[in-house]
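Here is what each chain is made of, one letter per residue.
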Amino acid sequence: ACDLSTSLTAIDIWLEENKIFEKDLLIITGDLFDKGLSFTQQGMPQLLQWWFKLAFKAMEHGLVVRVLEGTELHDRKQGKILVHATSIPKLAKFDCKYVYDIEVERLFNNELSILYLRDNHPGDICDITNKCNEAILHAGLQQVDIIAMHGNFSYHLPSVAKAPYYDEHKFLAMSSGFIVIG
């Protein structure tokens, strides 16, 4: 396991190498964290500095940021705290949102539609899949452009795994574009 500072440096390198700030959208598809953090924990000041640096740079470049809840034991809704922390006047134009529930969002003057699905959503796989379809229909769409989710498809797990997984074919039918899964 590496320390928080090393992880943040690796993320910074990835953001720069992939020219993320030249893009329109950054979706963090969960598990930004691997455990619950306390404010007194070593590395917390660096985390906050990193997040605010990301926020200011994203705002400067017009990068839209979405933070999807990941595995409950990892993220523990901490992404919500980071997003809330940036709701200050100097970051008023930072377009950032924390996503916890099944939701369809339209961005860029309705040119892009995204279905969000966090990990460990309550209900069984069939009910959750139906709720996703209902959310798409409720948004007035037949399909979305992108599905951003945190969870498993059958090919993510070994055949001996007992964990439930989503039917990738049903989700592919919901998207005219692609699926981003964390």
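One can find the structure itself at the top, above this paragraph.
Within each chain, residue numbers correspond to sequence positions counted from 1 in written order. The predicted origin of the model limits local features to residues at a pLDDT of at least 70 and limits the giving and counting of side-chain atom pairs to 80 or more, whereas totals for whole chains, interfaces and linings rest on all residues. To get the side-chain values, all heavy atoms of the structure are used, and hydrogens and water are removed first.

Just to check I follow, could you spell out the environment of Asn152 for this structure?
You can see Asn152 is positioned in the loop between β6 (144-149) and α6 (168-174). Along the backbone, Asn152 and Pro164 are twelve residues apart, and their C-alpha atoms lie at a distance of 7.7 Å. By definition in these notes, contact holds between two residues if any of their heavy atoms fall within 4.5 Å. If near-sequence neighbours (up to four positions away) are discounted, Asn152 is found in contact with Leu157, Pro164, Tyr165, Tyr166 and Ile181. Labels follow the DSSP assignment, with helices taken as runs of H or I lasting at least four residues and strands as runs of E lasting at least two, numbered in each case from the N terminus.

Honestly, the sheet that holds strand β2 (residues 64-68) in this entry has me stumped. Any pointers?
Adjacent strands of a sheet form backbone hydrogen bonds with each other and so pair up, either parallel or antiparallel. The strand order across the open sheet formed by three strands is β1-β2-β3, and the pairing between neighbours is parallel. Whereas interior strands pair on both sides, the edge strands pair on one side only; in this sheet they are β1 (25-28) and β3 (96-99). Taken over all neighbouring pairs, the strand axes of this sheet differ in orientation by 15° on average, direction set aside. The rule for pairing is simple: two strands pair if DSSP sees at least two bridges between them. The pairing of β1 with β2 spans four bridges and is classified as parallel. Across the sheet, Leu26 pairs through a bridge with Val65, a residue of β2. Axis lines are fitted through C-alpha atoms, for helices just across the contact stretch, and the angle between N-to-C directions can take any value from 0 to 180 degrees. Lying over the sheet, helix α2 (residues 44-61) contacts β1, β2 and β3, oriented at roughly 140° with respect to β2.

What should I look at first to understand the packing of aromatic side chains in this one?
The geometry of two aromatic rings is summed up by the distance between their centres and the angle between their planes. In summary, the pairing rule links any two rings of Phe, Tyr or Trp, Trp by its six-membered ring, whose centres are within 6.5 Å, and it sorts them by plane angle into stacked for under 30 degrees, edge-to-face for over 60 and tilted for everything else. Throughout the structure, instances matching the rule amount to four aromatic pairs. Ring centres 6.1 Å apart and planes at 45° place the aromatic pair Trp50 and Trp51 in the tilted group. An identical accessibility class is assigned to Trp50 and Trp51; each is buried. Between the aromatic rings of Tyr166 and Phe171, the centroid separation amounts to 5.2 Å while the plane-to-plane angle is 70°, which identifies the pairing as edge-to-face. In this structure an aromatic cluster arises from ring pairing among Trp50, Trp51 and Phe94. Positioned over the ring face of Tyr100 is Arg118, at 3.8 Å from the centre of the ring. Between buried and exposed lies partly exposed: a residue is buried under 20% and exposed over 50% of the maximum accessible area for its type, with that area taken using a 1.4 Å probe on protein chains only. For a Lys NZ or an Arg CZ to count as sitting over a ring, it must be within 6 Å of the ring centre and within 35 degrees of the ring normal.

Is there a simple way to think about the sheet that holds strand β5 (residues 112-117) in this case?
Spatially, four strands are ordered β4-β5-β6-β7 in an open sheet, and the strand pairing comes out mixed. Taken across any chain shown, the strands that pair with only one partner, and hence form the sheet edges, are β4 (103-107) and β7 (175-181). The average angle at which neighbouring strand axes cross in this sheet is 20°, direction not considered. For β6 and β7, the ladder comprises five bridges, and the chain directions are parallel. Its bridge partner lying in β7, Met149 is registered against Ile181.

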